[in-house]
Amino acid sequence: LKTITSKDYDLDKVLKDLCQELNHYYKILVDCKFEQIDNEYHKHLVNYNKWANFLEKGRSFNAKVIGVNQQGELMLELKNGKIRNFELKEITQLL
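None of the values given here were measured: they were computed from a predicted structure.

Conventions used here
Residues numbered from 1 in each chain as written. Predicted model: local features only at pLDDT ≥ 70, side-chain atom pairs only at ≥ 80, totals over all residues. Heavy atoms only, no water. Core = buried A, V, L, I, M, F, W, Y, C linked by side-chain atoms within 4.5 Å. Buried < 20%, exposed > 50% of the residue type's maximum accessible area, 1.4 Å probe, protein only. Helix = DSSP H or I, 4+ residues; strand = E, 2+ residues; numbered from the N terminus. Contact = heavy atoms within 4.5 Å. Pairing = 2+ DSSP bridges. Axes fitted to C-alpha atoms, helices over the stretch in contact; angles between N-to-C directions. Parallel < 35°, antiparallel > 145°, perpendicular 65-115°, else oblique. Nonpolar A, V, L, I, M, F, W, Y, C, P; charged D, E, K, R; others polar. Phe/Tyr/Trp six-rings, centres within 6.5 Å; stacked < 30°, edge-to-face > 60°. Lys NZ or Arg CZ within 6 Å of the ring centre and 35° of its normal. Expected span 1.5 Å × (residues − 1). Polar contact = N/O pair within 3.5 Å; in protein donor to acceptor, adjacent residues only side chain to side chain.

Caption draft 1: Just the nonpolar core, in detail. Of all hydrophobic cores here, the largest spans 11 residues; its members are Leu45, Ala52, Phe54, Phe61, Ala63, Val65, Val68, Leu76, Leu78, Phe86 and Ile91. Residue contributions to this core peak at four residues, all from strand 2 (residues 59–68). Beyond its immediate chain neighbours, meaning those up to four positions away, Ala63 contacts Lys50, Trp51, Ala52, Phe54, Leu76, Glu77 and Leu78.

Here you go:
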């Protein structure tokens, strides 16, 4: 962390905070709260529910990130209303 941020950290506090977060999400998993996990995951997707530019096989297009399906594919809504799913590295998001 120090290398990345140039700040000093209390390692005991960092470890304690990390363990608390791991325990929190482990409990959610054990309690089978899969919808909660899914909601939190989607909340952190870059450009979730926003229009963004993508590149597929050298062709750029505009689409909205609408989620990730059960197979782990990125789900995009195209401007014409169609939904397309993409596997990892099949497209690139232009930031």
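From this point, the narrative continues.
Caption draft 2: Quick peek at the sheet that holds strand 1 (residues 51–56). As summarised here, the arrangement of the five strands in space is 4-3-2-1-5, forming an open sheet in which the pairing is antiparallel. With one partner strand each, in any of the chains shown, strand 4 (83–86) and strand 5 (92–94) form the two edges of the open sheet. The sheet shows a mean angle of 50° between the axes of neighbouring strands, taken without regard to direction. In terms of strand pairing, strand 2 meets strand 3 (residues 74–78) through five bridges, oriented antiparallel. Across the sheet, Gly67 pairs through a bridge with Met75, a residue of strand 3.

Caption draft 3: Local environment of the packing of helix 2 (residues 11–30) against helix 3 (residues 34–43). Running from N to C, helix 2 and helix 3 point in directions that differ by 130°, and their axes come no closer than 8 Å. When the interaxial angle is binned, helix 2 and helix 3 end up oblique. Judged by residue contacts, Tyr25, Ile28 and Leu29 of helix 2 engage Phe34, Gln36, Ile37 and Glu40 from helix 3. A per-class count over the contact of helix 2 with helix 3 returns five nonpolar, one polar and one charged.

Caption draft 4: Examining the packing of aromatic side chains more closely. A full pass over the atoms with the stated rule returns two aromatic pairs. For the pair Phe54 and Phe61, a centre-to-centre distance of 5.8 Å together with 25° between the ring planes defines the contact as stacked. Take Phe54: its relative accessible area is 0%, and that puts it in the buried class. Judged by relative accessible area, Phe61 falls into the buried class, the value being 10%. Following the ring pairs from residue to residue traces out a cluster consisting of Phe54, Phe61 and Phe86. We note Lys79 situated over the ring of Trp51; from NZ or CZ to the ring centre the distance is 4.2 Å.

Caption draft 5: Up close: helix 2. The first and last C-alpha atoms of helix 2 sit 28 Å apart over 20 residues, in line with the 28 Å expected at 1.5 Å per residue. At the N-terminal boundary of helix 2, the capping side chain belongs to Asp10, with an oxygen 3.1 Å from the backbone nitrogen of Asp12. Downstream of helix 2 by one or two residues, Cys32 has phi in the positive range, about 55°.

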